[in-house]
Amino acid sequence: METDRKLIKYGAAPDVTFVFPNDGGALLMTEKSVLMKNSEVFQKQFASAISTDKDGKISIMDISYDTFNLIIQYFYNESFPINAENYQGILYASKKYFINTLITKVAQFLLNFITYINIVEHFEFLEKFEIGIVNAHMKGVIVKQPVQVIQRLTKSPSHMRILQMILESDVLYCSEFQLYLAIKNMMIEENGNWKSVEEIEEKFKNDLGNLMYLIRFPNMTAEELIKCSVSPTLLTNKQKLDLIIWAQEKVFSESLLSFSTQIRINPVKCKYCGRYMSKEYL
């Protein structure tokens, strides 16, 4: 590989040149045969009349010079680290050019990199790639740390999808009451200043929409439900009263029909092996 500030050359006989207008017109030269060997997309491109500029160069607008250089390095069996700074560009380019082995390497990195601390900032980017093992890992992180994840959420559409994932789960690694408090505190933080309790409660309901009915209020104790009734609250006055009657006397009222009474599995950590399991097995 020969390099200078504006040009990188790969292979003994480079016969194709890529130009990167968004990186000051930087150039990268390589061999078509290597590109075609590693990517079905390049096979099809070079088998047809590929679009070039007046100098015969192929212009790349959606991938940075640095990222494309890493992709070519990979084709020439040169190793490089995948990290928080470069994985997004590599994943995008790998998907575009169908480089499945490199997608797998990025996925392996993500399984160690994504935690409840950073999942909120990476979720929107990653979900659109629909990588099964990565999506499963993200769901596991989200469901196993619901309170910590909710504390990092905003009202953005992607964050509401995270909240929906938590609320739709039949496994809950906290109490239903802790879940409600985390959502309530998040909504208070997101809505900033408000003039009246009625105003903020209306905002709560508008922002959450039908997601509020995924909170399983009927599974809380009477004491917890009384705390849930403290303003600002998601519940109407009738729902507050009917829920407490349900908790004390198991009399179900019409105002509660939209709420589920199915009890979620609430795993606890075994003090001997550190694994989570259902309480009945401890």
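Cut-off values and rules
- In every chain, residue numbers begin from 1 and rise along the written sequence.
- Per-residue local features of the predicted model are confined to residues with pLDDT of at least 70, and side-chain atom pairs are confined, for both listing and counting, to 80 or more; whole-chain, interface and lining totals are unaffected and use all residues.
- No hydrogens and no water enter the side-chain calculation; it runs on all heavy atoms of the structure.
- A helix here means a DSSP run of H or I that spans at least four residues, while a strand means a run of E at least two residues long, and both kinds are numbered starting from the N terminus.
- Here the globule rule reads 2.2 Å times residues to the power 0.38, and the radius of gyration is calculated from C-alpha atoms.
- Exposure classes here rest on a 1.4 Å probe applied to the protein chains alone. A residue is buried below 20% of its type maximum, exposed above 50%, and partly exposed in between.
- Contacts are assigned to residue pairs that have any heavy atoms within 4.5 Å of one another.
- Per-residue and other accessible areas follow the Shrake-Rupley method at a 1.4 Å probe size, with only the shown protein chains counted as cover for residues.
- Grid spacing is 1 Å over the protein atoms alone, the probe is 1.4 Å, and a cavity is where that probe fits but cannot get out, while a pocket is an open set with protein on both sides within 12 Å along at least five of seven lines and lining residues have an atom within 4 Å of a point.
- Grid points are joined across faces, edges and corners, and a volume is the space filled by probe spheres set on the points.
- Classification convention: Asp, Glu, Lys, Arg as charged; Ala, Val, Leu, Ile, Met, Phe, Trp, Tyr, Cys, Pro as nonpolar; all other residues, Gly among them, as polar.
- In this analysis, strands are considered paired if DSSP registers two or more bridges between them.
- On a scale of 0 to 100, pLDDT captures the predictor's confidence in every residue.
- Pairing of aromatic rings covers Phe, Tyr and Trp, the last through its six-membered ring, and needs centres within 6.5 Å; plane angles under 30 degrees mean stacked, over 60 mean edge-to-face, and all others mean tilted.
- Whenever two N or O atoms come within 3.5 Å, that pair is a polar contact, provided that in protein one can donate a hydrogen and the other can accept it, and provided that, for residues adjacent in sequence, both atoms are side-chain atoms.
- Any carboxyl oxygen of Asp or Glu that lies within 4 Å of a side-chain nitrogen of Lys or Arg is treated as forming a salt bridge with it.

## Examining the overall build of the chain
Stage number 1. For the chain, the helix and strand inventory stands at 13 helices and 7 strands.
Stage number 2. For 282 residues, the compact-globule estimate of 2.2 N^0.38 gives 19 Å, and the C-alpha radius of gyration of the chain, at 26 Å, exceeds that figure by more than 25%.
Stage number 3. Seen along its three principal axes, the alpha-carbon backbone of the chain occupies a region of about 85 × 50 × 30 Å.
Stage number 4. Expressed as a percentage of the 282 residues in the chain, the buried residues total 43%.
Stage number 5. Long-range pairs, those at least 24 residues apart, make up 57% of the contacts in the chain between residues at least 6 apart in sequence.
Stage number 6. In the form shown here, the chain has an accessible surface area of approximately 15500 Å², with 50% of it arising from carbon and sulfur atoms.

## Here's the deal with the layout of surface pockets
Stage number 1. Approximately 230 Å³ is the volume attributed to the largest pocket.
Stage number 2. Lining the largest pocket are 12 residues; nearest its centre among them are Ser175, Glu176, Ile263, Arg264 and Asn266.
Stage number 3. Split by residue class, the lining of the largest pocket holds 5 nonpolar, 3 polar and 4 charged.

## Some remarks on the pairing of strand S3 (residues 16-20)
Within a regular strand, the side chains alternate between the two sheet faces.
Stage number 1. Burial within S3 is extensive, with 5 of its 5 residues counted as buried.
Stage number 2. Counting the residues that bridge the hairpin from S3 to strand S4 (residues 26-30) gives 5 residues, and of these Gly24 lies at a positive phi of roughly 70 degrees.

## Re the confidence of the model for the chain
Stage number 1. Mean pLDDT over the chain stands at 90; residues scoring 70 or higher make up 90%.
Stage number 2. The model gives residues 278-282 a pLDDT under 50, and that stretch makes 7 contacts with residues more than four places away or in other chains.

## Side note on the packing of aromatic side chains
Two aromatic rings, taken as a pair, are described by how far apart their centres are and by the angle between their planes.
Stage number 1. Using the criterion set out here, one finds 17 aromatic pairs in the structure.
Stage number 2. Aromatic pair Phe18 and Phe68: ring centres 4.7 Å apart, planes at 50 degrees, arrangement tilted. Linking Phe18 in strand S3 with Phe68 in helix H3 (residues 65-75), this pair joins segments that are 50 residues apart in sequence.
Stage number 3. Judged by centre distance (5.2 Å) and plane angle (50 degrees), the ring pair of Tyr213 and Phe259 falls under tilted. Note that Tyr213 is positioned in the loop between helix H11 (197-208) and helix H12 (222-228) and Phe259 in the loop between helix H13 (237-249) and strand S6 (268-269), a separation of 46 residues in sequence.

## Section: the side chain of Asn118
Stage number 1. Here Asn118 shows up in the loop between helix H5 (100-113) and helix H6 (119-127).
Stage number 2. Its relative accessible area of 11% is what places Asn118 among the buried residues.
Stage number 3. A distance of 2.9 Å separates a polar side-chain atom of Asn118 from the backbone nitrogen of Thr115.

## A short note on the pattern of salt bridges
Stage number 1. If you walk through the whole model with that rule in mind, you get 9 salt bridges.
Stage number 2. Residue Glu176 is joined to Arg264 by a salt bridge in which the shortest nitrogen-to-oxygen separation is 2.7 Å. Of this pair, Glu176 sits in helix H10 (residues 176-191) while Arg264 sits in the loop between H13 and S6, and the two are 88 residues apart along the sequence.
Stage number 3. Among the salt bridges present, the one from Glu223 reaches Lys227, with a minimum N-O distance of 3.9 Å. A residue pair is termed a helical-turn pair when its members lie 3 or 4 positions apart in one helix, as Glu223 and Lys227 do in helix H12 at 4 residues.
Stage number 4. By relative accessible area, Lys227 is classed as partly exposed at 43%.

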